[in-house]
Every structure is written in structure tokens, then in C-alpha cells.
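# Close look at the chain arrangement
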Amino acid sequence: MRLIGSILLVALLSGLSASAAVPTPVAPGEDVLVERATSGSHGGRLVVALRAEPRTLNPAAAADAPSREVIGRMTGDLIHIDRATQATESALASQWKRSADGREYTLALRKGIRFSDGHAFDADDVVFTFRVLLDERTGAPQRDLLIVGGQPIRVAKVDEYTVKVTLSQPYAAAERLFDSIAILPQHLLNDAYEKGAMGQIWSVATPAKSIAGLGPYRLKEYVAGQRLVLERNPYYWKTDSAKRRLPYIDELVFLFTGNEDAQVIRFQSGDSDVLNRASADNFAVLARDQAANRFQLKDLGPSLEYNFLFFNQNDLSGKNLPQVAAKQQWFGDLGFRRAVSRAIDREGIARLVYRGRAVPLWGNVSPGNRLWINASLPRLARSVSEARGLLKASGFSWRQDGQLLDRQGRPVAFTIVTSSTSAQRTEMATLIQADLKELGMDVQVVPLEFRALVDRVFQSFDYDASILGLGGGDADPNGEMNVWLSSGSNHLWRLGQQTPATSWEAEIDRLMETQLVTLDSRERKRLYDRVQTIVAEQLPFIFLAAPHILVGARADLGNFQPSVLDHYTLWNVERMFFRPELRSQRR
Amino acid sequence: MKRVGLIASVLAGLHLLVLLAGFAAPYDPVEQTRTLPFAPPSRLHFVDKDGAFHLRPFVYALTTDPDNFDAYIEDTTLPFPVQLMVAGSTYSVLPGVESRLHLFGVETPARISLLGTDGFGRDVFSRLLHGGRISIGAGLLATLCALLVGLGFGTLAGFFGGRVDSAVMRLADLFMAVPWLYLLFAVRAALPLHLDTRATFLLLVAVLGIVGWARPARLIRGIVLSARERTYVTAARGFGAEAPYLLRRHILPQTLGVVLTQAGLLVPQYILAEVTLSFLGLGVGEPTPSWGAMLGTLQQYSVLTSYWWMFTPAVALVAVAIAYYALTSMVHERMRLVAS
């Protein structure tokens, strides 16, 4: 037995020294997940260009998109949301049961599977993970999600391969909570946690052998300012239909580029193999490329992201902002907001800003979210005369030269601040500026550096109006709680409310909290439809457009099945492979 | 000498064109035609589809391909001849005086875009002329500021000498060491948002000009210093001439050459500064055109690679800069000849 072990070890070591780790054969009793109807061939390296360098590889600290893009490929979760079907599917938990009262979940874990360093995985790792994430000292961004009804969820070990999760109240779609919560290796991190040093672990410069996870890839090499290389996890717990261990592709390389244009140029020149998201302009450039047959370009239809214009309705008492406070009389006037909404040419935004690769929006749920959209919301076409009627009814009037005046005779003039890094939102603001000019409003567009914009919107409240985008996470309404609850951290138009400022905000609070504890999905849909109706009537956000998700990959990349949910392209990277019959096209 | 006249008249013509932008441009520079984003320059035709020749050029209306964002087809059913002296959008000639007369145009629904349109369907030719007002205006204004301050301090230092001289010159050193870009960022950040963007821009240009006084001041100081020691100045002083008389009569006329050449060098430099400011988002806000703001859209890869007519402000910029530099070097040459 010992002899066989050492032979295996030698084989493994020689494999490591060659190029990438060789997948280990599936051991008897190892409860692997067999991906049905999946076939491909092993080998190759996949190059992806990231917009920026990841800040960390620590799943309990990563908040920036590039870090999460990389960490997502190196870690595994208990219950996963299938990006193609948007339904939950088994991951590290092979199955789960909900108790009759909806407060207890029993999860059966996969037996005999291993972390990427070869160490066995069991219930202790799960219990450890949730203890770390829920500990305030860790400061994990996931912590808020794991607090249900004001109480942190409780995770207890039942036996080596079973855990029980208890919630303080029933929670709709609770199994979706576990998606993307990376299970951490207790054997590597226990010491750091005991010392209270979880914030400092696993930087990008940490040696590869001190990092392990349950994802399809593990760290191989990091070159500061240039690239991060991942190699196959030889113990990954998924196999294809022929019981060959996944992933197919040996190495995953992330290049650091700087911005979207640079990403597109790298993709166009063949330096990278996958383009995670392109603007409509760049998509058109790629489609026009003479050698466009080298790419598979896909328009996945409307994303879940919604872009909107909103006015500053924050409580400004205690802030010395008389200029903004004077204008809040207009911003708080529903007739004013409705007039602005009626005057905006949403079709023009979809056509000019997104080259038609976007849908106009009248509510917070994009048509890309088929399960939850309230299809009965009115889609009011642009009408300047209707808008003028609304303004007149609210007591506004017009000067000889066409300038709009309020009740006190002050000219209506305000600024829209946008992020200077988002050309699209600045373009939207420029179109809206021209639209509102027809109502006699004098609008100025001020692009600001992103951090300065965030500071004004979230801290100083020194702005009149802004254009931002939200959404794009999960399709479920629970992901929107922090936007619509009056106390929510993204309740952008009026932040930091102790009690709801208006009766309709109070009603939204009640509806959102009720849907959270309602287990019947049809009833939840009815409640969330009502929320969408109220939002569309009261217009705290004036919705503009939802852009399509536009992605691309090399023509010979197999099993490339991008999705409208994040991560759009690499969510199934373990199943991707290079088609050998097309490989000759690769340069 | 002939070439000086030629270049001077080209420059004067350019400035006149820009000054009369409202008349020379066929359209309002901020007017959006949302059905025509990134339309290529209009083609002027002389021969219609039946092969008949027309002395008066004409254009066709464009129809869009609904599936293709920036593909356009000419609708050849009806030609639209180019007309001179047509009524169009209203513009102001002087404050309070408005006009609707444009040098040329075509009847709707056709549009004549000599240099195509931008992403909002705005006429690039009209924006180029109107943008020139801001860009060249900024150059002239900043130059005026720099020269006035420079002349004042330079004369002060050169004429009085001694402690005044060293104080002024150390101050000049300080100003030359100021990283002006960061200074402007700081000024812009400190200004409140609700200030009119045009007022903000004028302020920034003035700051830019005032900061730039040091170099002309040094040169002027040198001239004043040497002029002060000339025998005829000493003689005038001996006859009891006061400082204001000496400066006006004998010294300041000597600085004319330097002032003119400095002006010729500074104007294009400050036009470039405006372009830089607008490129970085510190210029006039949308929708007002300026050359820098127009070139700013080239920061997008798709615009850079797809629409050549978006580069035309750069061509105008280069032409104006070369004309200024050529004129300056000729003026400089001539001044030297006169002086010797």
C-alpha cells in the first residue's frame, strides 16, 4: 500500500514539474459532481484581461471586482446559482432539506473531496468559514448578507459531512444566500483567525502553497503589474460525463490592462481569449474587424443592470448647503419628477448611447429578469406637451425667453454629476440636458472623478442630481433590499433614514420585509410587483436604460456559454476547452 | 515681406471665420439630430442619377439602416441644391442683436454636414467654427493676461533694478516652478458645482494666463535694463524727464518686438492648454463646443478607430499653430533687421 502511495506521489511530482498539475484519478468513495452532457479535451491556457490588478486573494476581504473575478475561480460554495438557468444547484452540498417552518436547513456535504493542496474537506471547514465571516473583527463584506431578521445565521456541525443552518426567521430563497460564499480551509487559516489577523492573509504576493481553495484553479504565479497565473486544481470535485476530472484547461492567466479599451485591444490583437464585457461601441469595432471570424461575439440581451437619474432629496439639516436646499423644493415635487421622466427620450438613449444594444426602462427590474419583472408597468412615451402640463399643474411657469420658473419666480437650473470614467453615463446626461432644455430647464453636466462623485452622493450630499447604475447581481429581489428599504445603504435619493420619510417609502419597507419572510414564490412576486408599481409612480429614480451584456471569446473555445448574471463569461470555466479541430486558427 | 502679408491674411481670415461662426456655420452647434449619429461628411454632387450635370452642387438626404447604427444610405430620389444666404437657426451677432441668416445651407429634410456629425448627430463643421471661438478666445485671453502682468513686472524690475529687481525675479522663479496642471485641478475642485461652467472656464484660463507671466517678464526686464542705460535715455534724464515720460517715450517702444514675438508664441501654446484642459474634463462643459472637448471624444477607442472626421479639430489646431509660429518668426526676423 505504501509502495503504491509513493509511486503515486512520484507520478504527481513529475506531473507538477512538467507544466501544469495532472488531474488525480477519482478515488473510490469520492462524491464528485458529474457534469452531465459535458465533454471536451484537456490542455491549453486561457488568457483573460482584467481591467485592474486584484487587490487581494482573501475571500473574506475582497470587495473590488478584479479580486472577486480571480477568487471566484479559486474557491467553491455550498449551494450555487446556475448562471444559465438562474436556479440553485448542488455544489459542495450534495443535497439540502428545509424544515417545515422554513427556519432550518440541513446540508449534506460531499464526501472524500479535497482542497487544492490535497487536504480533506469536511464540516469543520464549513463551520469555520461562517464563524470567520460572521466575526465582526474580520470585517467581511459578506457579513451583511448573512444577517437575517437582525440575527446572524447559525451554522452547526451535525457529523463529519452534515451541517445545520438555523435562521431567526423564515427567509425566502435562503439557499441563494450560499452562492459565492467561498468555503475556507481551516487547516491553513485557523492560526491567523485565532490571532485576529484574517484581514492580512492571502495577498496577491502570498506564496502559492499557502493558499488553497475548492475552486477549479489554484494560484501558480503572480507578477506584479503584469499577470496572475492560476493552474488546474488537481483535486477539483467535478468531472465530465466520462468521469474525467475537470477543469479541461491547464492554466488560466489574468493580465492586468487598465481600462476597458485596453481590454478590447488585447482581445482584438489575440493577446487574450475572453472578453468579459464590452461596451456597444467596442462591440461594433470588434464585429467590423476584418478577421471577425476569429471571435465568437455574443449579445446576451438585456442585463439586470439599471441606469437611472435621481435627484438629491437627502435631509440637509446640519449641512451648510443652501444652494442645494433651495432646489430640493423642486426635487421633492412629484409633478416635477414626473415631468422630467416624461421629457426624457429613452429610445434615444438606447439608440445613441448603446447603439440599440439596450432596452429603455420605466422600472427597476430589467426585461432581462424574466421571473421578476412587473410587465404591467406603463411604458409612457416621450411627450414634451404632457411634461409641460405636469409642470404647469405644479405651479411652474415660463419666462418670455422660454426659461422655466418656479412658484417664487426663480429660474429652474441644476447640475447632473456623472462619473468621468463612464462615457455612457456622461452621454446620457448630455441627451437629458437637451431633452430638458425643451422644458425650459437649464441643466449643466459635470463629469467628476469617480471617488469625488461617490463622496458627494454618499457623504457630503453636495449635488443636485446624478446618473448611476445598480443591479447586475442576483435576479432575486433580496439583492435589492439595501436599495429600497428606507434605511438601506443604497437608498440613494435619501440616505440614512431612521424612520421612513414618506408614506410610500413606509409601504415599500413593509412590502420588502414581508416578501423576505414569505416562502410562497407567487405571493413574493405579487409583493415585489407592488414595489415596482410604487417606485414607477413615485419616481425616486427616473429609470433610463438597461444595456445588453456583450461578450466575446476566441472562436475555438468550447463550452463558452455566457450568462447575464455575473460572472458573465468565466462562470463555467471548468467546462471550457479548446476545440482541437479549430486550434489551427489560433495564432 | 509678401509672405508675411500672406500668412497674416490667412490668420486674419481664420479668425474672422471663427468670429463670424454663427453666420458661416450652417447649423446651431448644440442642435442634436438623433437620427444621424456619426454620419460621414456630406458628399457634394454635380451629376444626378440620370447623368445630368448641375452647375450648382447638391446633396442627398441620408436614410439610416435600422439594424446598423452608423451605416447610412443616400436617398437619391430628390436632390437638394446647396443654397447661399439661407434662413436657419437663430444666433446672436452681438449681445442683443440676433440673426437667422447663414452663409449656406440646404432645405430639410436633407442636411449638409461638410465634416460629418458627432455621436449626438451634431454638425462637426458648425461645432468646429463655434469651438474655435472658445479655443482661440481662450488663447488670446490667456496671452493678454500673461503679457499685461509680464510687462508690468518686467518693466518694474528692469527700470528700478536693485532690490525691486531681485524681489520680482525671485517671484518669477517661483511662478515658473508651479506645476500649473495641479494648480488648475485644485482651483477646479475648490470651486462650487453650481457655478456656470463658462464662468469657471474663463476663470481657469485667466489663472493660466496670470501664472504664465514669468517668462515674458524676464525677457522684458532684459530689454528695459539695456534701454535704460542707452545714452539718449541718460540724456533725457539729464534734461529732467520723469520716469513715466521715459517709459512711455523711450523704453516701452523698445519692448514691442519682444511683446509681439512672445504673443505669437504664447497664443498657440495657450490654445493647446485649452485643449489639454478640455481633454481632461476641466474645460467648458457639454454641450458648448471647444476644440479640446471635441478631441476629448477620441479618448474612446471606438471613435478613434472608426470616424476619421472626428480628428478635424486637430487639423485646425495644427494649422492655426503653424500660422502663428510662421508669422512670429517672420516678425522676429523683421524686428532684428529694423534694430540693426
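Note that the structure is a prediction, hence the values are computed from the model and not measured. (Residues numbered from 1 in each chain as written. Chains lettered and ligands numbered in written order. Predicted model: local features only at pLDDT ≥ 70, side-chain atom pairs only at ≥ 80, totals over all residues.)

## Digging into the interface of chain A and chain B
Worth spelling out the cut-off: Contact between two residues is assigned when their C-beta atoms, built from the backbone, lie within 7 Å. Under the scheme used here, helices are H or I runs from DSSP no shorter than 4 residues and strands are E runs no shorter than 2 residues, and both carry numbers assigned from the N terminus. Just so you know the grouping, Ala, Val, Leu, Ile, Met, Phe, Trp, Tyr, Cys and Pro go in nonpolar, Asp, Glu, Lys and Arg go in charged, and all remaining residues, Gly too, go in polar.
Counting residues at the interface gives 26 residues for chain A, matched by 18 residues for chain B. Broken down by secondary-structure element, the contributors of at least two residues to the side of chain A that touches chain B are α5 (260–268), α6 (280–288), α9 (346–353), β21 (413–419), α11 (423–437) and β22 (442–448) of chain A. Considering each element in turn, the side of chain A that touches chain B owes the most residues, five residues, to α11 of chain A. Of the residues in the side of chain A that touches chain B, the class split is 12 nonpolar, nine polar and five charged.

## Structural notes on the packing of helix α4 (residues 162–176) of chain B against helix α7 (residues 214–228) of chain B
All names here are of chain B. Stated formally: Every angle, taken between N-to-C directions, lies between 0 and 180 degrees, and every axis is a line fitted to C-alpha atoms, over only the stretch in contact when it is a helix. Between 65 and 115 degrees an angle is taken as roughly perpendicular, under 35 as roughly parallel, over 145 as roughly antiparallel, and anywhere else as oblique. Helix crossings are classified by the rotation of the near helix relative to the far one: an anticlockwise turn of less than a right angle makes the crossing left-handed, while a clockwise turn makes it right-handed.
At their nearest, the axes of α4 and α7 sit 9 Å apart, and the two run at 150° to each other. When the interaxial angle is binned, α4 and α7 end up roughly antiparallel. In the crossing of α4 with α7, the sense of the turn from one axis to the other is left-handed. Facing Ala 172, Phe 175 and Met 176 of α4, the residues of α7 in contact are Ala 214, Ala 217 and Arg 218. Considered class by class, the residues forming the contact of α4 with α7 number five nonpolar, no polar and one charged.

## Quick notes on the domain arrangement of chain B
Here is the rule: Residue ranges for the domains trace back to a domain assignment, done automatically or taken from a database.
Taken domain by domain, chain B comprises domain 1 (42–112) and domain 2 (128–339). Distance between the C-alpha centres of domain 1 of chain B and domain 2 of chain B: 40 Å.

## Notes on helix α8 (residues 231–238) of chain B
Keep this limit in mind: Put simply, a residue is buried when 20 or more other C-beta atoms lie within 10 Å of its own C-beta and exposed when 12 or fewer do; between those, it is partly exposed, and each C-beta is set from the backbone.
Within α8 of chain B, only zero of the eight residues are buried, leaving the element largely exposed. Just beyond α8 of chain B, the residue with positive phi is Gly 240 of chain B, at close to 95°.

## Comments concerning the nonpolar core
To keep it simple, the criterion reads: Residues enter a nonpolar core if they are buried, belong to Ala, Val, Leu, Ile, Met, Phe, Trp, Tyr or Cys, and are joined to the set through C-beta atoms within 7 Å.
Ranked by size, the top nonpolar core spans 159 residues in total, and within it Leu 78, Phe 308, Phe 310, Ile 432, Ile 542 and Leu 544 of chain A carry the most contacts. A per-element tally of this core places strand β24 (residues 541–554) of chain A first, with 10 residues. In this structure, Leu 147, Leu 184, Phe 201 and Ala 316 of chain B belong to the second largest nonpolar core, which totals 53 residues.

## Brief notes about the packing of helix α14 (residues 503–517) of chain A against helix α15 (residues 521–538) of chain A
Residue and element names in this part refer to chain A. Two elements in contact, α14 and α15, have axes separated by 9 Å at closest approach and are oriented at 160°. With respect to α15, the element α14 is oriented roughly antiparallel. The crossing of α14 and α15 is left-handed. Residues Trp 504, Glu 507, Ile 508, Leu 511, Met 512, Thr 514 and Gln 515 of α14 pack against Arg 524, Leu 527, Tyr 528, Arg 530, Val 531, Ile 534 and Gln 538 of α15. Classifying every residue of the contact of α14 with α15 by side-chain character gives eight nonpolar, three polar and three charged.

## Description of the sheet that holds strand β5 (residues 93–98) of chain A
All names here are of chain A. As a reminder, the rule being used: Note on pairing: two strands pair once DSSP finds at least 2 bridges between them.
Here four strands make up an open sheet; going across it, the order is β5-β6-β10-β9 and the pairing antiparallel. At either margin of the open sheet sits one strand with a lone partner, and together these are β5 and β9 (154–159). Ignoring which end each strand starts from, the neighbouring axes of this sheet average 25° apart. In the sheet, strand β6 (residues 104–109) pairs with strand β10 (residues 162–166) via five bridges, with the strands oriented antiparallel. Within β10, the position partnered with Thr 106 by the bridge is Lys 164.

## What about the sheet that holds strand β1 (residues 45–47) of chain B?
All names here are of chain B. Strand order in the open sheet formed by three strands is β1-β2-β3, and the pairing between neighbours is antiparallel. Each edge of the sheet is formed by a strand with only one pairing partner; in this case those strands are β1 and β3 (72–81). When the angles between neighbouring strand axes are averaged without regard to direction, this sheet yields 50°. Sheet analysis places strand β2 (residues 53–64) next to β3, joined by seven bridges and oriented antiparallel. Bridge pairing in β3 links Thr 64 to Tyr 72.

## Details of the environment of Ser 272 of chain A
Residue and element names in this part refer to chain A. Here Ser 272 lies in the loop between α5 and β15 (274–275). Through-space distance from the C-alpha of Ser 272 to that of Val 132 is 36 Å; in sequence the pair is 140 residues apart. If we skip the residues at most four places from it in the chain, Ser 272 touches Val 47, Val 48, Ala 49, Leu 255, Arg 266 and Phe 267.

## Let's talk about helix α8 (residues 334–343) of chain A
Residues and elements named next belong to chain A. Judged by how many residues are buried, α8 sits mostly within the fold: eight of 10 residues are covered. Within α8, the full set of buried residues consists of Phe 336, Arg 337, Arg 338, Ala 339, Val 340, Ser 341, Arg 342 and Ala 343. Where α8 is buried, its residues contact β17 (306–311), α7 (322–331), α10 (384–393), α11 and β24.

## Notes on the confidence of the model for chain B
Note the threshold: The score called pLDDT rates the predictor's confidence residue by residue, from a low of 0 to a high of 100.
Across chain B, the average pLDDT comes to 87, with 97% of residues at or above 70. At the level of chain-chain contacts, confidence expressed as ipTM amounts to 0.84, with global pTM at 0.85.

## Let's talk about the pairing of β6 of chain A
Each regular strand displays side chains that alternate between the two surfaces of the sheet. Residues and elements named next belong to chain A. Here β6 shows a clear split, with Tyr 105, Leu 107 and Leu 109 buried on one side and none of Glu 104, Thr 106 and Ala 108 buried on the other. Of the pairings in the sheet, the one linking β5 to β6 comprises five bridges and is antiparallel in character. Across the sheet, the residue bridging to Gln 95 is Ala 108, located in β6. Connecting the antiparallel pair β5 and β6 is a turn made up of five residues, with Gly 102 showing a positive phi of about 75°.

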